[in-house]
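Architecture at a glance
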Amino acid sequence: MACLAIIGGSGFSSFAALQVRECRQVVTPFGETSAPLVCGHLDGTELLFLPRHGVGHRLPPHRINYRANLWALRASGADRVVGLAAVGGIGDRFPPLTIVVPDDIIDYTYGRGHTIYDGEGERMEHVDMTSPYCEELRQALIRACAASGCVAVANGTYGATQGPRLETTAEIARQERDGCDLVGMTGMPEAAIARELGLCYASLAFVVNWAAGKGQGVITMEEIQTNLAKCVGRVEQVLRVLATSRVGRA
Ligand code: HPA
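Structural notes, computed from the coordinates. (Residues numbered from 1 in each chain as written. Predicted model: local features only at pLDDT ≥ 70, side-chain atom pairs only at ≥ 80, totals over all residues. Heavy atoms only, no water.)

Describing the overall build of the chain
- Along the backbone of the chain there are 5 helices and 11 strands.
- Taken against the 2.2 N^0.38 rule, which gives 18 Å for 250 residues, the C-alpha radius of gyration of the chain at 17 Å falls within 12% of a compact globule.
- Principal axes of the C-alpha set define a box for the chain whose edges measure 50 × 45 × 35 Å.
- For the chain, buried positions account for 52% of its 250 residues.
- Taking as baseline every contact in the chain between residues at least 6 positions apart, the subset at least 24 positions apart corresponds to 81%.
- Roughly 11,300 Å² of accessible area belongs to the chain as shown, and the carbon and sulfur atoms make up 51% of that amount.
- When the 23 positive and 26 negative side-chain charges of the chain are each reduced to one mean point, those points stand 4 Å apart. (Helix = DSSP H or I, 4+ residues; strand = E, 2+ residues; numbered from the N terminus. Rg over C-alpha atoms; globule rule 2.2 N^0.38 Å. Buried < 20%, exposed > 50% of the residue type's maximum accessible area, 1.4 Å probe, protein only. Contact = heavy atoms within 4.5 Å. Areas by Shrake-Rupley, 256 points an atom, 1.4 Å probe, with all protein chains shown as cover. Lys, Arg positive; Asp, Glu negative; His and termini not counted. Charge placed at Lys NZ, Arg CZ, Asp CG, Glu CD.)

Below you can see the structure in the form of structure tokens.
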């Protein structure tokens, strides 16, 4: 039966509430996934979990095999995928600790395996990305936030940067002029590949720092880690409601 998959990012290399049934290494046409897929259930509901950065957070954003990850999730029965995202806040509406369900993306990444249509003479499709996230899943996430008492911003444009370094002040000023509200390093090509594979994909983002030049002084890893730790419980609660209750259904 089709199920929900969660791709965990920084701060989410495991999902404590998940009752694990098996860890499955899936062979894909694109090579290895970040880690074996974790198959389990949450209060009786089937769920897949994959830590995007691998076990022990070993993969930087540009080395993640986004194609293999999404292909493997689909091959294992996922039809809906939530990508968790720790992000920097650019706009005034997005201070640290804000939870956001973004609704648009600008891609600044380069040199990543960004499409499943990568072979000569193969079938190829120009997928529509007018609305890059699956609106049904976005609405389900927004309802799950409300039902779990988690105040969330229901829209925002995610700027995907290459990393692993953080941005300069001028880069963030440019992104703000472009219309970005949030900045992260893994939202693309994840969203585009999910669309190519016909997966319903949305993101649950949580702000862990002011983006460069938007707060006081420099960005420290300590600040990011402290804010990540504060977001984990709320995000897990939203996922639990999304996976197991009626508000999580389309
Ligand atoms: N920039 C890019 N990615 C991020 C940031 C940031 O400020 N914070 C968390 N992920």
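Next, the rest of the story.
What about the environment of aspartate 118?
- Here aspartate 118 is to be found in the loop between strand S7 (104–107) and helix H2 (135–147).
- On a C-alpha basis, the gap between aspartate 118 and valine 55 in space is 28 Å, while along the polypeptide they are 63 residues apart.
- Only 3.0 Å separates the side chain of aspartate 118 from the side chain of arginine 67, close enough to count as a polar contact. (Polar contact = N/O pair within 3.5 Å; in protein donor to acceptor, adjacent residues only side chain to side chain.)

What to know about the site of the ligand
- Every residue lining the ligand is accounted for by Ala86, Val87, Gly88, Leu166, Glu167, Val183, Gly184, Met185, Val208 and Asn209.
- For the ligand, a nitrogen atom lies 3.3 Å from a polar atom in the backbone of glycine 88.
- Asparagine 209 places a side-chain nitrogen or oxygen 2.7 Å from a nitrogen atom of the ligand.
- Looking at the shell around the ligand, the elements with two or more residues in it are strand S5 (78–89), strand S10 (182–184) and strand S11 (200–210).
- The dominant element in the shell around the ligand, judged by the number of residues it contributes, is S5, at 3 residues.
- A per-class count over the shell around the ligand returns 6 nonpolar, 3 polar and 1 charged. (Near = heavy atom within 4 Å. Nonpolar A, V, L, I, M, F, W, Y, C, P; charged D, E, K, R; others polar.)

Quick look at the packing of helix H1 (residues 66–75) against helix H4 (residues 187–196)
- As a packed pair, H1 and H4 sit with axes 9 Å apart at the nearest point and diverge in direction by 40°. Taken together, the axes of H1 and H4 lie oblique to each other. Considering how the two elements wind past one another, H1 and H4 form a crossing that is right-handed. Contacts from Tyr66, Arg67 and Leu70 in H1 reach Met188, Pro189, Glu190, Ile193 and Ala194 in H4.
- The residue inventory of the contact of H1 with H4, partitioned by class, reads 6 nonpolar, no polar and 2 charged. (Axes fitted to C-alpha atoms, helices over the stretch in contact; angles between N-to-C directions. Parallel < 35°, antiparallel > 145°, perpendicular 65-115°, else oblique. Left-handed = near helix turned anticlockwise from the far one by under 90°.)

A few points about the pattern of salt bridges
- With the rule as written, the count across this model stands at 9 salt bridges.
- When the shortest N-O distance is used, the salt bridge between arginine 21 and glutamate 46 registers 2.5 Å. Residue arginine 21 is found in strand S2 (residues 19–24), and its partner glutamate 46 is found in strand S4 (residues 45–51); the two are separated by 25 residues along the sequence.
- One salt bridge connects glutamate 22 with arginine 24, and the closest N-O pair in it is separated by 3.0 Å. (Salt bridge = Lys/Arg side-chain N within 4 Å of Asp/Glu carboxyl O.)

Some points on the pairing of S11
- Within S11, 10 of the 11 residues are buried, leaving the element largely enclosed by the surrounding structure.
- Strand direction decides the pairing type here: strand S6 (residues 99–100) and S11, joined by 2 bridges, are antiparallel. Looking at the pairing, isoleucine 99 lines up with phenylalanine 206 of S11. (Pairing = 2+ DSSP bridges.)

Topic: the packing of aromatic side chains
- If you walk through the whole model with that rule in mind, you get 3 aromatic pairs.
- An angle of 45° between the planes, with centres 6.2 Å apart, marks the rings of phenylalanine 15 and phenylalanine 49 as tilted. Pair noted here: phenylalanine 15 is in the loop between strand S1 (3–8) and S2 and phenylalanine 49 is in strand S4, with a separation of 34 residues, a long-range link. For the residue pair phenylalanine 15 and phenylalanine 49, the accessibility class agrees, reading buried in each case.
- Ring centres of tyrosine 133 and tyrosine 201 lie 6.3 Å apart, and the angle between their planes is 20°; this geometry places the pair in the stacked category. A residue pair is termed long-range when its members are at least 10 positions apart, and tyrosine 133 in the loop between S7 and H2 and tyrosine 201 in strand S11 qualify at 68 residues. We note that tyrosine 133, like tyrosine 201, is buried. (Phe/Tyr/Trp six-rings, centres within 6.5 Å; stacked < 30°, edge-to-face > 60°.)

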